[in-house]
Structure formats: C-alpha cells, structure tokens
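Listed below, chain by chain, are the residues.
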Amino acid sequence: MNRLIAVASALLLALPAAPVLAQTVPDIIPVLASSEIAKGQNRFLFSLTDPAGALVAAPEVAVRLEFYDDEADPDAVVFEADARFLWAIEGVRGLYAADVDFPSAGRWGTRFYATFPDGTEETVRVDYDVWEQTSTPAIGSAAPRIDTPTAADVDGDLDRISSDPAPVERFYELSILDAIEADLPAVIAFVTPAFCQSATCGPTIEKVKEVAASHPTDVNFVHVEPYLMWEKDGYLQPMLSDEGWLQAAPWTEAYGLRTEPYVIVIDPEGLVRAKFEGAITVDELEDALWEATQPL
C-alpha cells in the first residue's frame, strides 16, 4: 500500500524527533528540516526563527554548529561545522545546510551559533535522535533499479506524465532503470511542480535544468512525479486515497522518500553518491556530479 509522504508545513520536512529546548525562550529557535538524520553522512538541514515564529534565516546571518554525543558526554564537542545558507524560494524563504558525518546513532545535540550583521551572536542548543540507518538508500549503496514512465509510454505527450509547465524533453527519454544501466552519472529528480506540498519543487527543477544545460551528453537526467497521477478531465491530477491524501508512487516507495522534492545523484556504477532533500543549489549539484565520477 502506498503511504502519504509526510511534509512539515513550515519548512518542508518532518522532524526526526521533537527538539529539547532550554527552559527559557531563546532569541533564536532552530527548526530541524531533515526528514531523517542517521549515522554516517548527512546533509543537515535547518532553519532559524524568532520566538514568534518569524524566519531569522538569511544570507547575512552566519551559523556555526557544535555537535555533542549525549550518550557519551553531553558537554563534550565531538565535531564542528559551518552551515551554508541556501534559498528554498529565491529571495523569499531560505534555510541552512551543513555536511556532517555522525559516527554513531543515538541521542545527539547541536549548539547553534548565529552571528548577525551587527556582530551580535545568539546561541541555542537542540537535542534529537540520530537513527542507525535511513529509509532512503545510503551513500555508496546500490540505487534501486525501477522502471518509470517515459515519453515513449505516452507517445511524446509529456503532459500525461509531468506537471512541469515547461518540461525538458530530455528528462523523459529514460526511465530510472534506463539511466542507471547507461554507464553514465545520473540525476533523478523526484519533483511535482504543480502539486508540491513544500512550495520548493518549482525552484528545484529549475536548478536541475540549469545544471543539465551544462551536461548535454555526459549525464543522464530523469524527472519523475513522486505521487501517483492519472489523467482526469484532460489534465494530469493526483490519484488521491479514499481519505483524500496524496499517495506515493512506486518509485518513491522504492527510494524510501518521505518528502518532496528530492534529488538523487547516481554514479556510473549505479551507486548513490548524493541525496538532496528540499532546496538545492547549482553548485551543490555540480559538486555532487564531479564526486560521482571519482572512486569511492
């Protein structure tokens, strides 16, 4: 049975565990935006709000992170990382990302240090659970080989398989299975521009298009709708459950995705080399494609 993809209303994604904040209300409140945080490599996503819930996250607000293993020593810093700001919706709403590697599962904490343009610094700590493994394919694992709709399946009528108002034909020439078996790096975009629950699918697919333009022959690109769709009244529409919920498509289930949009980078050997949940930048995707051509 297909399950609903859970999406947090404020910043795209579900929390892995409820944050434990200080008893006094801090001046900044971190909102964890990753749907899963697990042992190993993670793209640690978060945003910052004020106590009233207004976004504090901005390009001019720098954020540094300290990570603590609560089960080993809740007061000892295990590692640090600088976060980078990225726009979820250009000029409107953004969040932060940091590339981190958790050495173990269990209860962890992060102290956030936010430095504002006037030089003032605010700090707060959040504790959360780090899982043993993710529902999505682990970095370095084999990408699921699953057939997905292509232009050939609909006689070239892309409106029957894509809600993108300006689809790139190249994105529908291959299925996920075809792209993996083609011995080239592949970018798989699980995006639904017309029915996005997070409001970031449109910006995400546009970033993917920008990168694709720089890789006309050396990378395969595939766009799939993450939800079950059908053609109704001449338009592509979500196939809702009896309860009225969006339903995950089989390929979304196969990749264990809990949110959308999601972009997966696969190397020529068919191994997952990068996973981008939510917002993405051109530089991030370009860097991931370069890494996909390097040995693990």
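Model, not experiment: these values are computed from the prediction.

*Asks:* Could you clarify how one ought to interpret the confidence of the model for the protein chain in this entry?
*Replies:* Detail in the predicted coordinates should be disregarded across regions flagged by low pLDDT. Across the protein chain, the average pLDDT comes to 91, with 92% of residues at or above 70. The model gives residues 1–23 a pLDDT under 50, and that stretch makes 70 contacts with residues more than four places away or in other chains.

*Asks:* Would you mind showing me how to read unusual backbone geometry here?
*Replies:* At the junction of Glu260 and Pro261, the peptide bond is cis and its omega measures out at 0 degrees in the coordinates. One can find Pro261 in the loop between helix 3 (250–254) and strand 12 (262–266). Even without a glycine there, the phi angle at Asp155 is positive, about 55 degrees. Within the element layout of this structure, Asp155 appears in the loop between strand 7 (121–130) and helix 1 (176–180). Assessed through its relative accessible area of 73%, Asp155 is described here as exposed. With phi around 60 degrees, Asp183 is a residue other than glycine that occupies positive phi space. With respect to the element layout, Asp183 can be found in the loop between helix 1 and strand 8 (186–190). According to the relative accessible area criterion, Asp183 is exposed, its value standing at 59%.

*Asks:* In this structure, what is going on with the side chain of Thr110? I would like to understand it.
*Replies:* As for its position among the elements, Thr110 is in strand 6 (residues 106–115). Reaching out from Thr110, the side chain makes a polar contact with the side chain of Tyr128 at a distance of 2.5 Å. Among all residues touching Thr110, those that are not within four sequence positions of it are Phe44, Leu65, Glu66, Phe67, Val124, Arg125, Val126, Asp127 and Tyr128.

*Asks:* Any chance you could explain the environment of Leu240 here in plain terms?
*Replies:* Position of Leu240 relative to the elements: it lies in the loop between strand 11 (235–238) and helix 3. When near neighbours in sequence (up to four residues on either side) are disregarded, Leu240 contacts Trp245, Leu246 and Gln247.

*Asks:* Explain the sheet that holds strand 9 (residues 220–224) to me, please; I cannot follow it from the model alone.
*Replies:* Judged by pairing direction, the sheet is mixed, and its four strands sit side by side in the order 9-8-12-13 without closing on themselves. With one partner strand each, in any of the chains shown, strand 9 and strand 13 (272–277) form the two edges of the open sheet. Neighbour-to-neighbour, the strand axes of this sheet turn through a mean angle of 15 degrees, independent of strand direction. Where strand 8 meets strand 9, five bridges bridge the pair, whose relative direction is parallel. Within the sheet, the bridge partner assigned to Ala186 lies in strand 9 and is Asn220. Contacts between helix 4 (residues 282–292) and the sheet are confined to strand 8, strand 9, strand 12 and strand 13, with strand 13 contributing the most and set at about 165 degrees to the helix.

*Asks:* Quick question: what am I supposed to make of the nonpolar core here?
*Replies:* As a rule of thumb, nonpolar side chains are buried together in soluble globular proteins. Counting residues in each nonpolar core, the largest one holds 29 residues, and the members touching the most others are Phe44, Phe46, Phe67, Phe102 and Tyr128. Put simply, the parts of the chain that give this core at least two residues each are strand 2 (40–49), strand 3 (62–69), strand 4 (77–89), strand 5 (93–102), strand 6 and strand 7. Of all hydrophobic cores here, the second largest spans 27 residues; its members include Leu158, Val263, Val265 and Ala288.

*Asks:* How do you make sense of helix 2 (residues 201–213) when you look at a structure like this?
*Replies:* Owing to its 3.6 residues per turn, the α-helix brings residues three or four apart onto one side. Between its first and last C-alpha atoms helix 2 spans 18 Å; for 13 residues at 1.5 Å apiece the expected length is 18 Å, and the two agree. Within helix 2 the residues assigned to the buried category are Cys201, Thr204, Ile205, Val208, Lys209, Val211 and Ala212. Considered in projection along helix 2, the buried side chains sweep an arc of 165 degrees and stay on one side of the axis. As for helix 2, its buried residues are in contact with strand 8, strand 9, strand 12 and helix 4.

*Asks:* What's the story with the environment of Ala62 in this structure? I'm lost.
*Replies:* Its location among the elements puts Ala62 in strand 3. Residues Ala62 and Thr115 lie 53 residues apart in sequence; the distance between their C-alpha atoms is 5.2 Å. For Ala62, the contacting residues outside a window of four places in its chain are Tyr113, Ala114 and Thr115.

*Asks:* Would you take a moment to explain the pattern of salt bridges for this structure?
*Replies:* All told, the structure shown has 15 salt bridges when counted by the stated rule. Arg64 is paired through a salt bridge with Glu80; the nearest N and O atoms lie 3.8 Å apart. With Arg64 in strand 3 and Glu80 in strand 4, this pair connects stretches of sequence that are 16 residues apart. Residue classification places Arg64 among the partly exposed residues on the basis of a relative accessible area of 29%. Measuring nitrogen to oxygen at the nearest pair gives 3.2 Å for the salt bridge that ties Asp99 to Arg84. Residue Asp99 is found in strand 5, and its partner Arg84 is found in strand 4; the two are separated by 15 residues along the sequence. Judged by relative accessible area, Arg84 falls into the partly exposed class, the value being 28%.

Each value, and the rule that gives it
- For every chain, the first residue of the written sequence is number 1, and numbering continues from 1 onward in sequence order.
- Whole-chain, interface and lining totals are the exception, using all residues; otherwise, since this is a predicted model, local features are given only for residues with pLDDT of at least 70 and side-chain atom pairs are given and counted only at 80 or more.
- Processing note: side-chain calculations cover all non-hydrogen atoms of the structure and skip hydrogens and water entirely.
- pLDDT expresses how confident the predictor is about each individual residue, on a scale running from 0 to 100.
- Every residue pair with non-hydrogen atoms within 4.5 Å of one another is taken to be in contact.
- Helix and strand assignments come from DSSP, with helices taken as H or I runs of at least 4 residues and strands as E runs of at least 2, each series counted from the N terminus.
- A simple rule labels every residue: compare its accessible area, found with a 1.4 Å probe on the protein chains alone, to the largest value its type can have, and call it buried under 20%, exposed over 50%, or partly exposed in between.
- Identification of polar contacts relies on pairs of N or O atoms within 3.5 Å, with a donor-acceptor requirement for protein atoms, meaning one able to donate a hydrogen and the other able to accept it, and with residues adjacent in sequence counted only if both atoms are side-chain atoms.
- In this description, strands pair whenever DSSP reports at least two bridges between them.
- To obtain each axis, a line is fitted to C-alpha atoms, and for helices this fit is confined to the stretch in contact; angles are then taken between N-to-C directions over 0 to 180 degrees.
- Only buried residues count toward a nonpolar core, which is a set of Ala, Val, Leu, Ile, Met, Phe, Trp, Tyr and Cys residues joined through side-chain atoms within 4.5 Å.
- Expected span of a helix, by definition, is 1.5 Å for each gap between consecutive residues, and there is one gap fewer than residues.
- Arc definition: it is the arc formed by the directions from the helix axis to the C-beta atoms.
- One side-chain nitrogen of Lys or Arg within 4 Å of one carboxyl oxygen of Asp or Glu is enough to make a salt bridge.

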